[in-house]
Amino acid sequence: MSNATINLVLKYTFQAAQKDGIPMEKFGPHDLRRTASTLLHEAGYYNSDWIEKCLAHEQKGVRAIYNKAEYREQRAAMLQDWADMIDEWVR
């Protein structure tokens, strides 16, 4: 897989939607990241630190100096929930 794979998948998805007459705005990888962040925060079950860590957003300031947590188990469970949500939408 190359660095451009996701961009190409999104491009072809957009083109297929246009061909089928499905109204859709162009979108890119950061739009998917924003959507995931928004929906996971809105679900109300997940700590913002877990979500931000999944998006590789690093903390700054004093908090970053003291908090070195990775939240591996919590992030794994959250991302499985996210995958289950997507699977449900696809069905």
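The model shown is predicted, which means the values in this text are computed figures rather than measured ones.

A few words on the pattern of salt bridges. This structure, assessed with the given rule, holds six salt bridges. E88 is the salt-bridge partner of R91, the closest N and O atoms lying 3.0 Å from each other. Of the residues examined, R91 reaches a relative accessible area of 71% and is grouped as exposed. Among the charged side chains, a salt-bridge network with shared partners connects K53, E58, E70 and R75.

What follows concerns the environment of E52. In this structure, E52 sits in helix 3 (residues 48-54). In the structure, E52 is positioned 44 residues away from L8 in sequence and 26 Å away in space, judged by C-alpha atoms. Aside from chain neighbours lying at most four places away, what touches E52 is S37, H41 and H57. Of the polar contacts made by the side chain of E52, one reaches the side chain of H57; its length is 2.5 Å.

Basis of the calculations
- Residues numbered from 1 in each chain as written.
- Predicted model: local features only at pLDDT ≥ 70, side-chain atom pairs only at ≥ 80, totals over all residues.
- Heavy atoms only, no water.
- Salt bridge = Lys/Arg side-chain N within 4 Å of Asp/Glu carboxyl O.
- Buried < 20%, exposed > 50% of the residue type's maximum accessible area, 1.4 Å probe, protein only.
- Helix = DSSP H or I, 4+ residues; strand = E, 2+ residues; numbered from the N terminus.
- Contact = heavy atoms within 4.5 Å.
- Polar contact = N/O pair within 3.5 Å; in protein donor to acceptor, adjacent residues only side chain to side chain.

By themselves, these figures tell us nothing about what the structure is for.
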